[in-house]
Amino acid sequence: MKYYSYFPGCSAGAAASPLGLSVPPVAQKLDMDLIELDDWNCCGSSPYGSVDKLEATCMAARDLALAEKTGLDLVTPCPNCFVTLHQANIRLKELPRLREQVSEALAVASLDYKGGVQVRHLVEVLYNDITPEVIGAKVTKSLKGLKVASYYGCQLVRPNGFDDPESPHSLDELVASLGADVISWQLKTHCCGSSLVMSESDVALGLINKLLRNAQENGAQCIVTPCPLCQINLDAYQSQVNSKFKTNYHLPVLFLTQLIGIALGITANALGLQRNIISPMKILAPYL
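Presented here is an overview of the structure given in this document. Counting restarts for each chain, with residues numbered from 1 along the sequence as it is written. Local features are withheld for residues below a pLDDT of 70 in this predicted model, meaning they are given only at 70 or higher, and side-chain atom pairs are given and counted only at 80 or more; totals for whole chains, interfaces and linings count all residues. Note that the side-chain values use all heavy atoms of the structure and ignore hydrogens as well as water.

### Some details on the sheet that holds strand S1 (residues 2–6)
And step 1. The parallel open sheet is built from four strands, whose spatial order is S2-S1-S3-S4. At either margin of the open sheet sits one strand with a lone partner, and together these are strand S2 (32–36) and strand S4 (119–121). Along the sheet, successive strands turn relative to each other by an average axial angle of 40°, direction set aside.
And step 2. Bridge count for S1 against S2 is five bridges, and the pairing is parallel. Looking at the pairing, Lys2 lines up with Met32 of S2.
And step 3. Relative to the sheet, helix H6 (residues 122–130) contacts S1, S2, strand S3 (74–76) and S4, its axis offset from that of S4 by approximately 85°. Between any two strands, at least two bridges found by DSSP are needed for them to pair. Helix and strand definitions here come from DSSP, where helices need a minimum of 4 consecutive H or I residues and strands a minimum of 2 consecutive E residues; each element is numbered from the N-terminal end. Axis lines are fitted through C-alpha atoms, for helices just across the contact stretch, and the angle between N-to-C directions can take any value from 0 to 180 degrees. By definition in these notes, contact holds between two residues if any of their heavy atoms fall within 4.5 Å.

Take a look at the structure:
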């Protein structure tokens, strides 16, 4: 059994509930004990970090201080949370004045952060600690014949270099370990528009259209991503893309943990598959 402190993040309990539902049963099957941080708060993953860097860093630092008490690495399934916590960790080590101000704020809550936490993304943990080989050995329902586009998005591999930022392979290897056919496509690290879908919808819908077209033209039956923002953009906005660009996409977009869970024999309900906007049930029927 491998032990980690666990930061689910806000999205996992709301818009990205399939992610929140699918992580625990998958972790259990892979002998991972993800111990959720007690009394965690939002990490501050929002534009607010550009408005008040000190207050935003204090939000992240409180979670880091809670994690430090456990003596375990802090794992999160959300790339946005990972980047926010990881960057706060770096700033606190490199900027003495910021560290002093944050320490004063934490002291009010009887907390202290000494900088001893390693922040990690769940994909990196699955790839480096658990390994594709071990995951493959635990597969009970091979996904042979399922054509999958692994979508990394902007942030997963860029902050800390655990994979090649321009030509990553970790997601591809994890998906391949399940028996699935990993397609080759050119836009697997390109931006989906993120929160621009709210403020600049035309720009975001154009980016989503390019991604869906590229995946579909290369034969994908579904897209797999670890990112809540990427998943909801590609999943929930397909109807708007179809309306705007006169397309006819109906491409399921799964979280990585949902796909792993299927191969490990976890039920569809436990993985939250019924909560995906574009239903994946038809393409997954042979494996359920």
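### Remarks on the nonpolar core
And step 1. We define the nonpolar core as a collection of buried residues of types Ala, Val, Leu, Ile, Met, Phe, Trp, Tyr and Cys that are connected through side-chain atoms lying within 4.5 Å of one another. Throughout, exposure labels follow a simple rule: accessible area from a 1.4 Å probe, protein chains only, divided by the maximum for the residue type, with under 20% read as buried, over 50% as exposed, and the rest as partly exposed. Counting residues in hydrophobic clusters, the biggest one holds 47 residues, and the most contacted among them are Met32, Leu126, Leu143, Leu146, Leu256 and Leu259.
And step 2. The greatest single-element share of this core, amounting to six residues, is contributed by H6.
And step 3. Ignoring sequence-local partners within four residues, the contact set of Met32 consists of Met1, Lys2, Tyr4, Ala27, Leu122, Val125, Leu126 and Ile130.
And step 4. Among the nonpolar cores identified, the runner-up in size contains 25 residues, and Ala60, Leu66, Leu74 and Tyr113 belong to it.

### Structural notes on the sheet that holds strand S8 (residues 253–255)
And step 1. Taken in spatial order, the four strands line up as S6-S5-S7-S8 in an open sheet, and their pairing is parallel. Because the sheet does not close on itself, it has two edges, and the strands there are strand S6 (181–182) and S8.
And step 2. For strand S5 (residues 147–150) and S6, the ladder comprises two bridges, and the chain directions are parallel. Note that in S6 the partner of Lys147 across the bridge is Asp181.
And step 3. Together, S5, strand S7 (222–225) and S8 form the strand contacts of helix H13 (residues 256–263), whose direction differs from that of S8 by roughly 80°.

### Looking at the side chain of Asn209
And step 1. Among the structural elements, Asn209 can be located in helix H10 (residues 201–217).
And step 2. When its relative accessible area of 6% is taken as the criterion, Asn209 is described as buried.
And step 3. Sequence-distant contacts of Asn209, that is, excluding residues within four places in its chain, are made with Val241, Phe245, Thr247 and Tyr249.

### A closer look at helix H3 (residues 53–70)
And step 1. For a helix, the expected span equals 1.5 Å multiplied by the residue count minus one. For H3, spanning 18 residues, the distance from its first C-alpha to its last is 26 Å, which sits close to the expected 26 Å at 1.5 Å a residue.
And step 2. Of the residues making up H3, those classed as buried are Ala56, Thr57, Cys58, Ala60, Ala61, Asp63, Leu64, Ala65, Leu66 and Ala67.
And step 3. Polar contact is defined as a pair of N or O atoms within 3.5 Å, subject to the rule that within protein one atom must be able to donate a hydrogen and the other to accept it, and that residues adjacent in sequence are counted only when both atoms are side-chain atoms. For H3, the side-chain oxygen to backbone nitrogen distance between the N-cap and Leu54 is 3.3 Å, and the N-cap itself is Asp52.
And step 4. Once H3 ends, the next one or two residues include Gly71, with phi positive near 75°.

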